[in-house]
Amino acid sequence: MGLQPLEFSDCYLDSPWFRERVRAHEAELEKTNKFIKELLKDGKNLIAATKNLSAAQRKFAHSLRDFKFEFIGDAETDDERYIDASLHEFSNFLKNLEEQREILALSVTETLIKPLERFRKEQLGAVKEEKKKFDKETEKNYSLLEKHLNLSAKKKELQLQEADNQVEQNRKHFYELSLEYVCKLQEIQERKKFECVEPVLSFFQGLFTFYHQGYELAKDFNHYKMALQINIQNTRNRFEGTRSEVEELMNKIRRNPQEHKRANHFTMEGYLYVQEKRPAPFGSSWVKHYCTYRKETKKFTMIPFEHRSGGKVGDEELFILTYCTKRNTDTIDRRFCFDLEASDRPGVPVTMQAFSEEDRKLWMEALDGKEAVSVFFLKNYERHHCNDALKFLKLFFFVGAQLDKIGFTVIKKCISAVETRGINDQGLYRVVGVSSKVQRLLSLLMDAKTCNEVDLENSVDWEVKTITSAMKQYLRQVSLSQPLMTYELHGEFIVPAKSGSPESRVNAVHFLVHKLPEKNKEMLDILVKHLANVSKHAKRNLMTVANLGVVFGPTLMRPQEETVAAIMDLKFQNIVVEILIENHEKIFKTLPDAIVPEPISMSVSPPNAPPRQSRRQGQRIKRPLAVYNLCLELDD
């Protein structure tokens, strides 16, 4: 299991577990920083001391061999595995060179030293600065909050309102900074693989040119180099797609954090200050706890946690809730307070303080308090249902965007036009058409009265990029209800892309395709057959199977819940599409085996769901590499 994803919604909870995950990411980046620093030192030794070249190479080889990249999520793609293994392979090449005892002359300044120094300074250095700001804001936020909560309720209302506004502004700033820091941490975790390995690859490419007997070694290395370049390019392409999705999700959560809270088994969770009574001379103190509550079992848990003391976690306390009562300011000199009583301590209430009046209302509602407020939840209910209604209206008023007769006609007309006019166009399906033209074409195609009048094969009015964009947009419009490969089977399609042998992957995807609704399977068959044809012309259009997977993975598949963890699986969606294209004839023209092949488990639990049957871990797998032109630099 690699590093756990940092969910943007957790920035607003700022739980102890969230802080632990942040520290794990920070530790991994620090480890990477030390590794790069050591690697740079070793590279400079190669330049500085020809006499000590053998010793420096040996040390450099050890550095490469001993380091391993960590990854986010529960699995890596084949490309990422090959990138991980590449450092060990590089080490082996150096050992072979040392055995030959050749005298080398090499300049690695431009190919190795500068890129790594730039990455370390511009990327890892930026993260360090972000960490300093994050730690400073954490200290400031919770200090100000504690000072604010100590304000007497007897102060003038104007003073209290000004204090509330100041705390709220500071809290928003803290959340903004937290979101940016979490996004930066995960971006660097994904970026570092190709940013670190690619300079090393360039170094090796230059290294062999200076060897007296390096020609034969370079020939052996060339095949591996090309394969690794493909791995790096695939990883880079997937990174770009994943980064845009992550940024979009971050912006959605920034606009409305409450609507994007992750579903879990807690009715309510968050921080509360708990009054701890002391002997008479000392009065009482208020200690911050992270609290959770489950309404079904009435179990309430409290864990002391102080952000400013290095994130030390105290002992968990659990009790069964009996009742909850609001505390008014005429009974206690603090605002936002309420009392809880545990079943095992009748008559001994525990006084809690929320962060704000709205926060107290949420807790009172969840705990069935005597003055529980339901207006907030009613507003949220109305808002959520309005959003659902809006989605329905979008789907309804997008004339016929569904798998009906017109829908099949649209796809077939577009495919026929593409294969007739633009099968060899460079960047097919990656070059985007003008939005207004795409919308106009879709409106004509979706109208039963005008659909047959649109001539896509012979008319110069419609560019190929307009047709391909209209086709992709149509498929996404179908996805307003659910993607073509359905929400129900999404998790099951992802599993074989993460594990198993190439044969078991194909068999599993084969089996799952035939579980799709008949119309979905028919539409998928038509589309994948076309994509297979497109990939056959990759030498001219540059659209290999891997590139088509990047383009159509997010179009044909999508998880039902938008989370960072789900977005990290985007690269596996691309692999599923690659499997479909490479094995089209078998998957769609033959029936699958009745029993799903082992060792793949055909079920995946969503984040925070109860454990289900697990799949086997740790299996090393390979898949066919789709060779494509590495110079492709087209924007989707």
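Residues numbered from 1 in each chain as written. Predicted model: local features only at pLDDT ≥ 70, side-chain atom pairs only at ≥ 80, totals over all residues. Heavy atoms only, no water.

Enquirer: Honestly, the overall build of the chain in this entry has me stumped. Any pointers?
Expert: A tally of helices and strands in the chain yields 20 helices and seven strands. The 636 residues of the chain split such that 50% are buried. (Helix = DSSP H or I, 4+ residues; strand = E, 2+ residues; numbered from the N terminus. Buried < 20%, exposed > 50% of the residue type's maximum accessible area, 1.4 Å probe, protein only.)

Enquirer: How do you make sense of the side chain of Gln123 when you look at a structure like this?
Expert: Here Gln123 shows up in helix α5 (residues 109-149). Looking at Gln123, the relative accessible area reads 15%, which means it is buried. Not counting the four nearest positions on each side in its chain, Gln123 is found in contact with Arg118, Lys184, Ile188 and Arg191. (Contact = heavy atoms within 4.5 Å.)

Enquirer: How should I be thinking about the packing of aromatic side chains in this particular structure?
Expert: Summed over the entire model, instances satisfying the criterion amount to 17 aromatic pairs. Between Phe35 and Phe67 the ring centres are 4.0 Å apart and the planes differ by 10°, which places this aromatic pair in the stacked class. Of this pair, Phe35 sits in helix α2 (residues 16-48) while Phe67 sits in the loop between α3 (53-66) and α4 (78-100), placing them 32 residues apart in sequence. Arranged with centres 4.8 Å apart and planes meeting at 25°, the rings of Phe134 and Tyr181 form a pair that is stacked. Taken together, the residues Phe134 in helix α5 and Tyr181 in helix α6 (residues 157-209) connect sequence positions 47 residues apart. Just as Phe134 is buried, Tyr181 falls in that class too. An aromatic cluster of at least three residues, connected via ring pairs, comprises Tyr12, Phe134, Tyr142, Phe174, Tyr175 and Tyr181. (Phe/Tyr/Trp six-rings, centres within 6.5 Å; stacked < 30°, edge-to-face > 60°.)

Enquirer: Explain the nonpolar core to me, please; I cannot follow it from the model alone.
Expert: One recurring pattern in soluble globular proteins: nonpolar side chains tend to sit buried together. Phe8, Phe90, Phe204, Phe300 and Phe338 are the most contacted members of the largest nonpolar core, which totals 97 residues. By residue number, the principal contributor to this core is α6, which donates 17 residues. When residues no more than four places from it in sequence are discounted, the contact partners of Phe204 are Leu64, Phe90, Phe93, Leu94 and Phe221. Within the second largest apolar cluster, 61 residues are counted, among which are Ile411, Leu442, Ala470 and Leu527. (Core = buried A, V, L, I, M, F, W, Y, C linked by side-chain atoms within 4.5 Å.)

Enquirer: What exactly am I supposed to notice about the pairing of strand β1 (residues 268-277) here?
Expert: For a regular strand, the rule is simple: side chains alternate between the two faces of the sheet. For β1, the tally of buried residues reaches eight of 10 residues, placing the bulk of the element in the interior. Of the strand pairs in this sheet, β1 and strand β2 (residues 284-294) are connected by 10 bridges, and their pairing is antiparallel. Of the residues in β2, the one forming a bridge with Lys277 is Ser284. Across two bridges, the pairing between β1 and strand β7 (residues 350-353) is antiparallel. Bridge pairing in β7 places Tyr273 opposite Gln353. (Pairing = 2+ DSSP bridges.)

Enquirer: Would you mind showing me how to read α3 here?
Expert: Each turn of an α-helix holds 3.6 residues, which means side chains three or four residues apart point in the same direction. For α3, which comprises 14 residues, the first-to-last C-alpha distance of 20 Å matches the rise-based estimate of 20 Å (1.5 Å per residue) to within 8%. All of the buried residues along α3 are Leu53, Ala56, Gln57, Phe60, Ala61, Ser63 and Leu64. Mapping the buried residues of α3 onto a view down its axis gives an arc of 160°, with all of them on the same face. (Expected span 1.5 Å × (residues − 1). Arc of directions from axis to C-beta.)

Enquirer: Honestly, the packing of α2 against α3 in this entry has me stumped. Any pointers?
Expert: Between two packed helices, what matters for the description is the angle formed by their axes and the separation of those axes. As a packed pair, α2 and α3 sit with axes 9 Å apart at the nearest point and diverge in direction by 160°. Classified by the angle their axes make, α2 and α3 are roughly antiparallel. Here α2 runs over α3; the crossing is left-handed. Facing Phe35, Glu38, Leu39, Asp42, Gly43, Asn45 and Leu46 of α2, the residues of α3 in contact are Leu53, Ala56, Gln57, Lys59, Phe60, Ser63 and Leu64. (Axes fitted to C-alpha atoms, helices over the stretch in contact; angles between N-to-C directions. Parallel < 35°, antiparallel > 145°, perpendicular 65-115°, else oblique. Left-handed = near helix turned anticlockwise from the far one by under 90°.)

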